Amino acid sequence: MYLATMDDNFKNEYFGIGIQNGKTPENLGVLWRSAQNFGASFIFTIGNRYAKQASDTHNAVKSIPYYHYDTFDDFYNNIPVGTRIVGVELSDESEELEQFKHPRRCVYLLGAEDHGLSKHAMEKSHFLVKFDTPKSLNVAIAGSIVMYDRQLNKERS
């Protein structure tokens, strides 16, 4: 019988994805549907809370864990040990997604389309990534692209 060591546990991969202060419930439902398809371990919201969406046609909220945090600090203080925050934000400090090495254990944090991530969330993120697009994308589309890129056969950090 093989017993996993703590070191083995930190080699296991997982990811969660969520939105800070999401603008519309429809976008969240589409993101949840993509999260289920791309193998997310959990989904979450910070700020605005949306428990059920018509656009979540696969009913992902009943299939994978959903967490809600009232504030970014509540979220930050409750992420799993060893988990890295990857903020998805169009900024000068952000790394191009095409060259990004996804962490083995992370959460992808997206901001609302009209305001993006809060300054506090950007400062606390371990990594910031962006796409090579001239303008911002719909939050559900942006999250889907990040998850698609993660499942490509790329080196992990």
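Predicted model, so just to flag it, every value in this text is computed and none were measured. (Residues numbered from 1 in each chain as written. Predicted model: local features only at pLDDT ≥ 70, side-chain atom pairs only at ≥ 80, totals over all residues. Heavy atoms only, no water.)

**Brief notes about the side chain of Ser94**
Reasoning step 1: Inspection of the secondary structure assignment puts Ser94 in the loop between β4 (84-88) and β5 (95-96).
Reasoning step 2: Among the polar contacts listed, one links the side chain of Ser94 to the backbone oxygen of Glu89, at a separation of 2.6 Å.
Reasoning step 3: With sequence-adjacent residues up to four places away left out, Ser94 is seen in contact with Glu89, Leu128, Val129 and Lys130. (Helix = DSSP H or I, 4+ residues; strand = E, 2+ residues; numbered from the N terminus. Polar contact = N/O pair within 3.5 Å; in protein donor to acceptor, adjacent residues only side chain to side chain. Contact = heavy atoms within 4.5 Å.)

**Some remarks on the packing of aromatic side chains**
Reasoning step 1: Using the criterion set out here, one finds 11 aromatic pairs in the structure.
Reasoning step 2: Each ring, one from Phe44 and one from Tyr69, has its centre 6.4 Å from the other, and the planes form 70°; the classification is edge-to-face. Of this pair, Phe44 sits in strand β2 (residues 42-46) while Tyr69 is found in strand β3 (residues 66-69), placing the two residues 25 residues apart along the sequence.
Reasoning step 3: Residue Phe44 is classed as buried on the basis of its relative accessible area of 0%.
Reasoning step 4: Taking relative accessible area as the criterion, Tyr69 reaches 10% and is therefore assigned buried.
Reasoning step 5: Geometrically, the ring pair formed by Tyr69 and Phe75 is edge-to-face, given 5.5 Å between the ring centres and 70° between the ring planes.
Reasoning step 6: By the ring-pair criterion, three or more aromatic residues cluster together here, those being Phe42, Phe44, Tyr67, Tyr69, Phe72, Phe75 and Tyr76. (Phe/Tyr/Trp six-rings, centres within 6.5 Å; stacked < 30°, edge-to-face > 60°. Buried < 20%, exposed > 50% of the residue type's maximum accessible area, 1.4 Å probe, protein only.)

**Things to note about the pattern of salt bridges**
Reasoning step 1: Throughout the structure, instances matching the rule amount to 3 salt bridges.
Reasoning step 2: With a closest N to O distance of 3.7 Å, Glu13 and Arg150 form a salt bridge. Highlighted residues: Glu13 in the loop between α1 (6-11) and β1 (14-20) and Arg150 in helix α5 (residues 139-151), separated in sequence by 137 residues.
Reasoning step 3: Owing to a relative accessible area of 39%, Glu13 belongs among the partly exposed residues under this scheme.
Reasoning step 4: Note that Glu123 and Lys119 form a salt bridge whose closest N and O atoms lie 3.9 Å from each other. Here the residue Glu123 and the residue Lys119 both occupy positions in helix α4 (residues 119-124), the gap between them amounting to 4 residues, near one helical turn. Across the pair, Lys119 and Glu123 agree in class, each one exposed.
Reasoning step 5: The network of salt bridges with shared partners includes Glu13, Arg104 and Arg150. (Salt bridge = Lys/Arg side-chain N within 4 Å of Asp/Glu carboxyl O.)

**Considerations on the pairing of β1**
Reasoning step 1: When you tally the buried positions in β1, you get 7 out of 7 residues, the bulk of the element.
Reasoning step 2: Burial along β1 is two-sided: Tyr14, Gly16, Gly18 and Gln20 and Phe15, Ile17 and Ile19, pointing in opposite directions, are all buried.
Reasoning step 3: The pairing of β1 with β2 spans 5 bridges and is parallel. Its bridge partner being in β2, Gly16 is matched across the sheet by Phe42.
Reasoning step 4: In the classification by handedness, the crossover that spans β1, the intervening helix α2 (residues 25-37) and the parallel β2 is right-handed. (Pairing = 2+ DSSP bridges. Right-handed = clockwise from strand over helix to strand, strands pointing away.)

Shape descriptors only; they carry no functional weight alone.
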